[in-house]
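# Examination of the molecular architecture
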Amino acid sequence: MSRFFYLSLLFLSFSALQSQIQTPDAFLGYELGSHFSRHHQVVSYFQHLEKNSAQLKLHPYGKTNEGRLLQLAFISSEKNLENIEAIRQAHLQNSGMVSGPKNEDKAIVWLSYNVHGNESSSTEAAMKTAHALITKYNDWLENTVIILDPCINPDGRDRYVNFYNQTKSTPNDTEPFSREHQEGWHNGRTNHYSFDLNRDWAWLTQVESQQRVKLYNQWLPHIHVDFHEQGINSPYYFAPAAEPLHEIITPFQKSFQDVLGKNHAKYFDKGGWFYFTKQRFDLLYPSYGDTYPTYLGAIGMTYEQAGGGVAGLGIKNDENITLTLKDRIEHHYTTGISTVEIAAQNISTLNKNYQLFFDNKDVKYKNFIMQGHPDKLDALHKLLNQHDITSHQLTKNTTVKGYDYQKQGNTTSNFSEQALVVSTKQPKGKMVQVLLEPQTKLNDSLTYDITAWSLPYAYGLEAMATQSDLNISDYTIEKTTTSKLSEALYGYALSYNSFEDSRFLAALLKENIGVRFNETPLTNSGKSWTRGSLFILKGDNQKLPNYLEKLAQLASDFNRKLTPIQTGYSSQGPDLGAGELILIKAPKIAILKNDRTSSYNYGEVWHYFEQALGYPLLQLDENSLTTALNHIDQLIIPDGYYSQWDEANATDQALMDWVKKGGKLIPLAGALNRFANTDSFKLKRKETHEMDTTEMSFGDQSRNEISYITTGSIFEAQIDKSHPISFGLDHYYSLKLDETAYELIQNGNNAFTLSNTAKAISGFIGYQAINKQRKSLLVGEEMMGRGKVVYFVDNVLFRGFWYTGKIAFANALFFL
């Protein structure tokens, strides 16, 4: 009797708690889909669910650049949530990340919403999904843990919602050409720095990614879904994914996508909703919200609903069908619930195959070994460590047989003690292969994103992939110590070898500390100094009080080792007072924006200055340019689609006058088209003959077009080692994002070029596009009066992860 009474009380208590749970409609005061919810409303609703349900617990995990909350909702049975840490530990035992017996007790499902802020239906659907899971589907929660991220990109979402609420008509207008369907330049898709967070899972350049991926790697779920939106004329997309699929993806990961897809199809068929599978969205590039989880054992998937930033509350598509926010929410809700349903029905199957994924006996290489300057090795080690990938170092000088990245073939090479070693014989060995392999195998050349990203090339390292076992020890980052700086010395110096040295130089200039660099090699104070070394001399800083204290503090902050300089007299090469030692002026740098500027590249430059380099950047609208020219030394023009240079245009004439008087102009990627093939500049674009389709079938044309393009490919650059752009770079590999190419600058400085036999060393590029790249410019300098134009053909700051590109760009800012 007492047991029955206790259970009755428990049931009544649970029922009373559940009865206080409000639907999203009731809590928000409007029907989902009739308004867009701001982020603070979404946060409040999930707090309401946590307060009134024992089956949902919130876990704040950080804040955005603009201060908005990032949080996860853990949804499961009350008992599971009380033991959530034990469940996590047991689950990680299945991957080998934690030692202990394998188990098949729970399914872990992670649902991620609104990584693109203006793909806004998903966060609305997240609220409906969370409510349904804790009120309708309690049985699933007994052995399933759902980790739900309601909004990955709150800054972008609120930017879009605020835009829409400010511009929409009442009632809303469904005509595509109306104002409410025309977002502005920095639209809601991206985060504060205009980065696409769905391309940042692996590179972790953004604060939102860094905080989220840290937690993701503490769970490594069985299933991860990334909810998206696509063009308004597309049916709903869900898995199975399209080719190309990376070769490490297991047969089970492919087949289980089919299981999920068929379950979704059952509900979509019932509703008469259109959908497609196995097209467009592949699983290759590793920094997506579907591929990154896939390479860590999950069934990683993208779900794509028609909509996006143009859709608003409703819009007519090309078939004259009105696509509504309510419909979009319902479709994402349906696939979310269907995903959890299938997970709950397949717990044992998911766990058994998840365990098998982490058996890395069949990976192609045992070890990846890299050598180069310690700063570059440290930087790569730190990135891998953020993914909980373990690095080691050689214990002694070693001769290794394997695939040589520089020689592009199997050979034997020597690697020095403390070279970086990353083994695939660790739980995340498959991810190691994906990130570090020299070439990614392609079973289809038409992909949704780039086909090359190999990190040894991005970091400019000598590398080898090998099946050999190696003698290794734990990787350590050396902490430098500098003795107390002495006023009696002539000064201090530092070799320039890395982006960490670029950051240190930027910090010195911000503190108004005088710094020189040497244009030619020299030997002084018992040490040989290569070009680009930094000299902080007493004679340049006598008017700066306490400059040694500032210098010592900065050296400590940036872990730089300073070498004492005893005298200005060099034993070889120029003395330190000679003209070959150039005093670096702290430049005033601006970036130009108009509506034709790529918001992505603009954001990459903006983020580079504020978060990577740590140097001031003035953001200029084109309307303010002529006024600002007298106040700046350098002007960066990001990638974009600009009108061609016009000598008769007053703004262009003012810009030309500014350059000739000593200004530095730095156009990037597509911005070069503005200056190419004009009478005012020497830059000449290489043209491609159009494809002859006269006798080609319609069906073959798209396939033949790929011979003229690249889907992201890596080329080794020829470097002019005497040019300042090359400072700190022993090797440079350029990531080409399109087939555009330029002739070498006649009577100019062609710092980085491609040879007349150049070919891609990684990634896909068509044979016609390869021919176009040969004997072409990568980075060049054209002198104009007292000023110059520095051309970067490729986007060296692409997505913020190309380490050597960041060095080259800093060199253009400070040494030219």
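You'll find the structure just up there.
This write-up is about the structure you can find in this document. Remember, predicted model here, so these are calculated numbers, not experimental data.

Attention now goes to the nonpolar core. In terms of nonpolar packing, the biggest core is built from 147 residues, with Phe609, Phe752, Phe792 and Phe809 touching the most fellow members. Looking at which element gives the most residues to this core, the answer is helix 23 (residues 803–814), with eight residues. Each residue touching Phe809, except ones within four places of it in the same chain, is listed here: Tyr608, Phe609, Ile636, Ile666, Leu668, Phe792, Val796 and Leu797. In terms of nonpolar packing, the next biggest core, distinct from the first, is built from 56 residues, Ala132, Val161, Ile223 and Ala239 among them.

Between its first and last C-alpha, helix 18 (residues 599–613) extends 20 Å over 15 residues, near the 21 Å set by a 1.5 Å rise per residue. Within helix 18, the axis deviates most sharply at His607, by approximately 35 degrees. In terms of burial, helix 18 is largely enclosed, as twelve of its 15 residues are buried. Among the residues making up helix 18, those that are buried are Ser599, Asn601, Tyr602, Gly603, Glu604, Val605, Trp606, His607, Tyr608, Phe609, Ala612 and Leu613. Here the buried face of helix 18 lies against helix 16 (499–510), strand 27 (589–593), strand 28 (618–621), strand 29 (634–637) and helix 23. Note on helix 18: the residue one or two positions beyond its end, Gly614, has a positive phi of about 75 degrees.

Turning to the sheet that holds strand 30 (residues 664–667), a few remarks are in order. Ordered by their spatial adjacency, eight strands build an open sheet running 28-27-29-30-37-36-34-32, and the pairing between neighbours is mixed. Both outer strands of the open sheet, strand 28 and strand 32 (718–719), are each paired with one neighbouring strand and no more. Note: strand 32 against strand 34 (residues 749–754), two bridges, orientation antiparallel. Opposite Ile719, over in strand 34, you have Phe752 as the bridge partner. Here helix 18 sits on the sheet and contacts strand 27, strand 28 and strand 29; the angle it forms with strand 27, its principal contact strand, is near 160 degrees. Packed on one face of the sheet, helix 23 meets strand 27, strand 29, strand 30, strand 34 and strand 37 (787–792) and runs near 160 degrees to strand 30.

Moving on to the packing of aromatic side chains. Considering all chains together, one arrives at 56 aromatic pairs under this definition. With a centroid separation of 5.7 Å and an interplanar angle of 35 degrees, the aromatic rings of Phe499 and Tyr608 are classed as tilted. Residue Phe499 is located in helix 16, and its partner Tyr608 is located in helix 18; the two are separated by 109 residues in the primary sequence. The lysine or arginine in question, Lys430, covers the ring of Phe357, its NZ or CZ lying 4.7 Å from the ring centre.

The next point concerns the sheet that holds strand 18 (residues 462–466). Taken in spatial order, the seven strands of this open sheet run 16-15-18-13-17-14-19, and their pairing is antiparallel. The sheet is open, and its two edges are formed by strand 16 (409–415) and strand 19 (472–474), each paired on a single side. Strand-to-strand twist across the sheet, computed as the mean angle between neighbouring axes with direction ignored, equals 40 degrees. For strand 13 (residues 367–371) and strand 18, the ladder comprises five bridges, and the chain directions are antiparallel. By the bridge assignment for strand 18, Asn367 is matched with Thr466. Those strands touched by helix 13 (residues 374–386) are strand 13 and strand 17 (420–423), and its axis lies near 25 degrees from that of strand 17. The strands touched by helix 14 (residues 429–436) within the sheet are strand 13 and strand 17, with strand 13 carrying the most contacts at an inclination of about 45 degrees.

At their nearest, the axes of helix 6 (residues 121–135) and helix 11 (residues 325–345) sit 8 Å apart, and the two run at 50 degrees to each other. It follows that helix 6 is oblique to helix 11 by the angle criterion. Like other packed secondary-structure pairs, helix 6 and helix 11 cross with a definite hand, here right-handed. Together, Ser121, Ser122, Glu124, Ala125, Lys128, Thr129, Ala132 and Leu133 of helix 6 and Leu325, Arg328, Ile329, Glu330, His332, Tyr333, Ile337 and Val340 of helix 11 make up the contact between the two elements. Residue classes in the contact of helix 6 with helix 11 are distributed as eight nonpolar, four polar and four charged.

Bringing the pairing of strand 27 into the picture now. The buried count for strand 27 comes to five of five residues, which makes it a mostly enclosed element. Covered by surrounding structure in strand 27 are Ile589, Ile591 and Lys593 together with Ala590 and Leu592, the residues of both alternating faces. In this structure, strand 27 lies alongside strand 29, joined through three bridges in parallel fashion. Residue pairing for strand 29: Ala590 is matched across the bridge by Leu635. As paired elements, strand 27 and strand 28 share four bridges and run parallel to each other. Counted as the bridge partner of Lys593 is Asp621 from strand 28.

What follows covers the environment of Tyr216. For Tyr216, the position within the fold is in helix 8 (residues 207–216). The class for Tyr216 is buried, based on a relative accessible area of 0%. In sequence terms Tyr216 and Leu204 are twelve residues apart; their C-alpha atoms lie 13 Å from each other. If we skip the residues at most four places from it in the chain, Tyr216 touches Trp110, Trp201, Pro221, His224, Tyr292, Pro293, Leu296 and Ala298.

Once that is clear, we can look at the pattern of salt bridges. Within this structure, the stated rule accounts for 29 salt bridges. When the shortest N-O distance is used, the salt bridge between Lys428 and Asp388 registers 4.0 Å. Linking Lys428 in the loop between strand 17 and helix 14 with Asp388 in the loop between helix 13 and strand 14 (392–394), this pair joins segments that are 40 residues apart in sequence. Among the residues examined, Asp388 registers a relative accessible area of 37% and is labelled partly exposed. Ionic pairing is found between Asp449 and Arg799, a salt bridge with its closest N-O pair at 2.8 Å. You can see Asp449 sitting in the loop between helix 14 and helix 15 (455–458) and its partner Arg799 sitting in the loop between strand 37 and helix 23, a full 350 residues away along the chain. The burial state of Asp449 is the same as that of Arg799; both residues are buried. Bridged by salt links that share partners, the residues Glu119, Arg189, Asp196, Arg199, Asp449 and Arg799 form one connected network.

For the rest of this paragraph, the subject is the side chain of Lys772. Note on placement: Lys772 falls in helix 22 (residues 767–773). Lacking a salt bridge, the buried Lys772 has Glu739 as its closest oppositely charged neighbour, with an N-O distance of 5.4 Å. Once residues within four sequence positions are removed from consideration, Lys772 is found in contact with Lys686, Glu687, Thr688, Glu739, Thr740 and Ala741.

What follows covers the pairing of strand 18. Taken across its five residues, strand 18 has four buried, putting it largely inside the fold. Judged from the two bridges that link them, strand 15 (residues 398–404) and strand 18 form a sheet pairing that is antiparallel. What sits directly across from Asp404, in strand 18, is Met464.

Here the residue pair Thr170 and Pro171 is connected by a cis peptide bond, since its omega of -5 degrees sits within 30 degrees of zero. Tracing the chain through its elements places Pro171 in the loop between helix 7 (154–167) and helix 8. Cis geometry is adopted by the peptide bond preceding Pro240, which originates at Ala239 and carries an omega value of 15 degrees. Residue Asn114 is not a glycine yet carries a positive backbone phi of 65 degrees. Its place among the elements puts Asn114 in the loop between strand 3 (107–113) and helix 6. Residue classification places Asn114 among the buried residues on the basis of a relative accessible area of 0%. At Asp388, a position not held by glycine, the phi torsion is positive, near 60 degrees.

Looking at where Lys759 falls in the secondary structure, it is placed in the loop between strand 34 and strand 35 (762–765). In sequence terms Lys759 and Phe715 are 44 residues apart; their C-alpha atoms lie 6.5 Å from each other. If we ignore the near neighbours within four places in the chain, the residues touching Lys759 are Ile714, Phe715 and Arg774.

Definitions and limits used
Residues numbered from 1 in each chain as written. Predicted model: local features only at pLDDT ≥ 70, side-chain atom pairs only at ≥ 80, totals over all residues. Heavy atoms only, no water. Core = buried A, V, L, I, M, F, W, Y, C linked by side-chain atoms within 4.5 Å. Buried < 20%, exposed > 50% of the residue type's maximum accessible area, 1.4 Å probe, protein only. Helix = DSSP H or I, 4+ residues; strand = E, 2+ residues; numbered from the N terminus. Contact = heavy atoms within 4.5 Å. Expected span 1.5 Å × (residues − 1). Bend = angle between axes of the 7 residues up to and from the residue. Pairing = 2+ DSSP bridges. Axes fitted to C-alpha atoms, helices over the stretch in contact; angles between N-to-C directions. Phe/Tyr/Trp six-rings, centres within 6.5 Å; stacked < 30°, edge-to-face > 60°. Lys NZ or Arg CZ within 6 Å of the ring centre and 35° of its normal. Parallel < 35°, antiparallel > 145°, perpendicular 65-115°, else oblique. Left-handed = near helix turned anticlockwise from the far one by under 90°. Nonpolar A, V, L, I, M, F, W, Y, C, P; charged D, E, K, R; others polar. Salt bridge = Lys/Arg side-chain N within 4 Å of Asp/Glu carboxyl O. Lys, Arg positive; Asp, Glu negative; His and termini not counted.

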